[in-house]
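Chains, contacts and geometry: an overview
Okay, here's what each chain looks like letter by letter:
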Amino acid sequence: MKTFTRRAALVGLGGVAGYGLSGALRPNLPVYAGTKPMPAPSGEGFLNDASGLSAKPIKKHLILNDAADDVLVEKIRAELAEARSEGRPLNVGAARHSMGAQAIPRDGTAITFDNGAVEIDSDAQTYRVHAGARWSEVIAALDPQGWSPKVMQSKHDFGVAATYSVNAHGWAVPFGPMGSTVRSVRMVLASGDLVTCSPDENRDLFYMAMGGYGLVGVIVDLEVEMVKNTRLVPNFQLLDATGFAQAFQTAVDDPTVKMAFGRLNVERATFFQKAMLTTFREAEDQDDLPPASGSGIMSHLASRIYRAQLGNEPFKSFRWFNETRVGPALGSGPYTRNSLINEPVATLADRTPDRTDILHEYFVGFDRFNEFLTACQEVIPASYQEFLNVTLRYVATDDNSLLSYAPVPRIAAVMSFSQELTQRAEAEMTRMTRALIDRIADIEGAYYLPYRPHATRDQFKRVYPWSIAFAEAKRYLDPDLVLRNNLWDQYLGQI
């Protein structure tokens, strides 16, 4: 039975208000008259991802849930050998929440891992996890034992190996990407060899696979660090956006702050002028932690207010008021660490048949954040794309992975757009994305690779200068180019 908490009351209030007001305030969206839709091929022989815009033909799709390591490895070897002999690619995915076919091998063999095995080593403060396990399964295994993932993505639907493969980050501080918490991985190379990789063993392969998008090897399992689950109390700070970076840096430098994130307002007229910083510190009472809660009806009601922003500037203002005024008044906690991260993407999923949610993510240094604000203010509101949300998170330095997006500590800005499924919208999204990338590259920032592949090849090479070394190492390691996806086909393979 789900517990009714003050957090549930908060999101429920927002959801109920959103449900009621959404009927009174009509959206103001561009009309579809004269536009050409973008229907996605579907059915057997095609595979798509979270964007709904990445449908690719495939030769076959296998779902592997083998528990025995030797059986799984032999199946992977057999599929690699068959793909090589037939001259077609192979790639592995889990939830496929990427948005540009980064886990889809065109005309090849797509493998989906579906095994949630987790083994805890409390003495080492690590857990060994099957590559296909979702973070929800990791939390379910760790929580009863008093542990929590050290770093994971903000939602629990994603696969653990997939998180390592895109080198995703979370919002726990003061950590870097999830790959920095991985002790070792076992993977099958394109040659069929099973290797163990870590910062000390096969180091080059380890850091190439970290953020390597499945192009280095097929990961079988990982050993990952964990931390104690704790009870946390939030604090809320409303401030001008230009003061956010300094306030965020102060929070990150505070050893008592365990989790932190920011938000910016999204109304076009005052776009990115205000910020909200939320930090979490440990409560004095750490006894009898409750089981990790999940999303209930209140979270789903809260999605109403999120969706009611679509084409509705007054509702964007209402949501900002709800988050910055009503939220702090009701949402004082405490919450357990695991409950905070035990949320699915589905809570905010778009079920509108003629639109899709598209994510962007940009990484900028703390000293360049205000220039980032200016770039966004000049580019985004000028587009007719519907901007719904931005969350700001901290990422510590990653100077090891070849495709690193954080060579210095950076603020990560995760943006959510709602895009109509038309050729007009796709062309406009491409134009806007390229304009943003140019501006952010000018301030020595980076864009994230798991999303829509709208960057030009020159932009890709400019933001990821070590991509040349990655491509050279890939060709040496996998001369037949068996492990491929759209990231290789569109960018790395063209270098």
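The rules behind each value
Residues numbered from 1 in each chain as written. Predicted model: local features only at pLDDT ≥ 70, side-chain atom pairs only at ≥ 80, totals over all residues. Heavy atoms only, no water. Helix = DSSP H or I, 4+ residues; strand = E, 2+ residues; numbered from the N terminus. Rg over C-alpha atoms; globule rule 2.2 N^0.38 Å. Buried < 20%, exposed > 50% of the residue type's maximum accessible area, 1.4 Å probe, protein only. Contact = heavy atoms within 4.5 Å. Areas by Shrake-Rupley, 256 points an atom, 1.4 Å probe, with all protein chains shown as cover. Lys, Arg positive; Asp, Glu negative; His and termini not counted. Charge placed at Lys NZ, Arg CZ, Asp CG, Glu CD. Pairing = 2+ DSSP bridges. Axes fitted to C-alpha atoms, helices over the stretch in contact; angles between N-to-C directions. Salt bridge = Lys/Arg side-chain N within 4 Å of Asp/Glu carboxyl O. Core = buried A, V, L, I, M, F, W, Y, C linked by side-chain atoms within 4.5 Å. Phe/Tyr/Trp six-rings, centres within 6.5 Å; stacked < 30°, edge-to-face > 60°.

For the rest of this paragraph, the subject is the overall build of the protein. What the protein contains, in helices and strands, is 14 helices and 19 strands. Taken over the C-alpha trace, the protein has a radius of gyration of 22 Å; the compact-globule value for 495 residues is 23 Å, and the two agree within 12%. With the C-alpha coordinates of the protein rotated into their principal frame, the extents come out at 60 × 60 × 45 Å. When the 495 residues of the protein are sorted by exposure, 57% land in the buried category. Within the protein, counting contacts between residues at least 6 apart in sequence, those at least 24 apart form 74% of the total. Accessible surface computed for the protein: about 20200 Å², of which carbon and sulfur atoms make up 52%. Across the protein, 50 positive and 57 negative side-chain charges occur, with their mean positions spaced 6 Å apart.

Looking now at the environment of I468. Relative to the helices and strands, I468 resides in helix α13 (residues 467-477). Taking the C-alpha atoms as reference, I468 lies 33 Å from S418; in sequence the two are 50 residues apart.

Let us now look at the sheet that holds strand β4 (residues 90-93). With parallel pairing, 3 strands are arranged side by side in an open sheet as β3-β5-β4. On the outer flanks of this sheet lie β3 (60-64) and β4, each paired with one strand and no other. Averaged over all neighbouring strand pairs, the angle between strand axes comes to 20 degrees, with direction disregarded. As paired elements, β4 and strand β5 (residues 109-113) share 4 bridges and run parallel to each other. Considered in β5, the bridge of L90 is made with T109. Along the sheet face, helix α2 (residues 69-86) touches β3, β4 and β5 and points at about 170 degrees away from the line of β3.

What follows is about the pattern of salt bridges. A full pass over the atoms with the stated rule returns 32 salt bridges. Its salt-bridge partner being E386, residue R268 comes within 3.6 Å of it at the nearest N-O pair. Note that R268 is positioned in the loop between β13 (257-264) and β14 (274-282) and E386 in strand β17 (residues 386-395), a separation of 118 residues in sequence. A relative accessible area of 4% places E386 in the buried class. R452 is the salt-bridge partner of E426, the closest N and O atoms lying 2.7 Å from each other.

Turning our eyes to something else, we now look at the nonpolar core. Ranked by size, the top nonpolar core spans 129 residues in total, and within it Y164, L222, F369, F372 and M415 carry the most contacts. Contact partners of F369, with chain neighbours within four places excluded, come to A241, F244, A245, L264, V364, L392 and I411. In this structure, L47, I58, A101 and I104 belong to the second largest nonpolar core, which totals 5 residues.

This next bit is on the packing of aromatic side chains. In the structure shown here, the tally under the stated rule is 22 aromatic pairs. Consider the rings of F369 and F372, whose centres lie 5.7 Å apart with planes at 35 degrees: the pair is tilted. One end of the pair is F369 and the other is F372, both in helix α10 (residues 369-379) and 3 residues apart, which spans about a single turn. Judged by relative accessible area, F369 falls into the buried class, the value being 0%. Ring geometry for F460 against Y464: centres 5.9 Å apart, planes inclined by 35 degrees, an arrangement best described as tilted. For the pair formed by F460 and Y464, the shared burial category is buried.

Function cannot be inferred from these measures alone, as they are strictly geometric.
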